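Descriptive analysis of the structure
Here is how the chains run, residue by residue.
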Amino acid sequence: MAQTKEAFRARPGDLVVVEGHKVGEARRVGEILEVLGEPGHEHYRVRWGDGRETVYYPSSDATIKPGERPRAGKKARR
């Protein structure tokens, strides 16, 4: 079952994947640090793979993927 835009909201820890626009241009992947804006008009503070942080307004070339979250009952490793 596909998730609709209303059913899935990005959360901190999720990943944003932006495909390259030209042949040979690499995709960019970043971790969402903060969700900004109102529902339906969200934008994100993102830490990209190169360590830079930006405010990102997603468009049709972006995909949001759930990040890894600790399972219930499991403690995070330190």
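1. Overview of the overall build of the protein chain
Within the protein chain one finds zero helices and five strands. Counted from the first residue to the last, the protein chain has its helices and strands arranged as β-β-β-β-β. Across the 78 residues in the protein chain, those meeting the buried criterion constitute 21%. Sequence-distant contacts in the protein chain: of pairs separated by 6 or more residues, those separated by 24 or more amount to 35%. Summed over all atoms, the accessible surface of the protein chain reaches about 6500 Å², with 51% contributed by carbon and sulfur.

2. Looking at the nonpolar core
Grouped together as the largest cluster of nonpolar side chains are nine residues: A10, V16, V18, I32, Y44, V46, W48, Y56 and A62. If you list the elements that add at least two residues to this core, you get strand 1 (15–18) and strand 3 (43–48). Broken down by element, the residue count for this core peaks at three residues, all from strand 3. In this view, A62 contacts V16, V17, V18 and Y56; residues no more than four positions away in its chain are not counted.

3. Quick notes on the sheet that holds strand 4 (residues 53–56)
Spatially, 4-3-2-1-5 is the arrangement adopted by the five strands of the open sheet, whose pairing is antiparallel. Strands at the two margins of the open sheet, each flanked by one partner only, are strand 4 and strand 5 (62–65). Going from strand to strand, the sheet's axes swing by 35 degrees on average, the running direction of each strand aside. In the sheet, strand 1 pairs with strand 2 (residues 28–36) via four bridges, with the strands oriented antiparallel. Paired with V17 across the strands is V29, a residue of strand 2.

4. Details of the confidence of the model for the protein chain
The pLDDT averaged across the protein chain works out to 83; a share of 77% of its residues lies at or above 70. For residues 1–7, every residue scores under 50 in pLDDT, and the model assigns this stretch two contacts once sequence neighbours within four places are set aside.

5. A few points about the side chain of H43
In this fold, H43 is placed in strand 3. When residues no more than four places from it in sequence are discounted, the contact partners of H43 are E34, V35, L36, G37, V55, Y56, Y57 and P58.

6. Some details on the environment of E68
Checked against the element boundaries, E68 lands in the segment after strand 5. For the pair E68 and L15, spaced 53 residues apart in the sequence, the C-alpha separation amounts to 9.3 Å.

7. As for the pattern of salt bridges
Applying the stated criterion to the full structure yields six salt bridges. Between E19 and R27 there is a salt bridge; the shortest N-O distance is 2.9 Å. Measuring nitrogen to oxygen at the nearest pair gives 3.3 Å for the salt bridge that ties R47 to E53. Take E53: its relative accessible area is 40%, and that puts it in the partly exposed class. Taken together, the shared-partner salt bridges connect E34, R45, R47 and E53 into one network.

The rules behind each value
Residues numbered from 1 in each chain as written. Predicted model: local features only at pLDDT ≥ 70, side-chain atom pairs only at ≥ 80, totals over all residues. Heavy atoms only, no water. Helix = DSSP H or I, 4+ residues; strand = E, 2+ residues; numbered from the N terminus. Buried < 20%, exposed > 50% of the residue type's maximum accessible area, 1.4 Å probe, protein only. Contact = heavy atoms within 4.5 Å. Areas by Shrake-Rupley, 256 points an atom, 1.4 Å probe, with all protein chains shown as cover. Core = buried A, V, L, I, M, F, W, Y, C linked by side-chain atoms within 4.5 Å. Pairing = 2+ DSSP bridges. Axes fitted to C-alpha atoms, helices over the stretch in contact; angles between N-to-C directions. pLDDT = per-residue confidence, 0-100. Salt bridge = Lys/Arg side-chain N within 4 Å of Asp/Glu carboxyl O.

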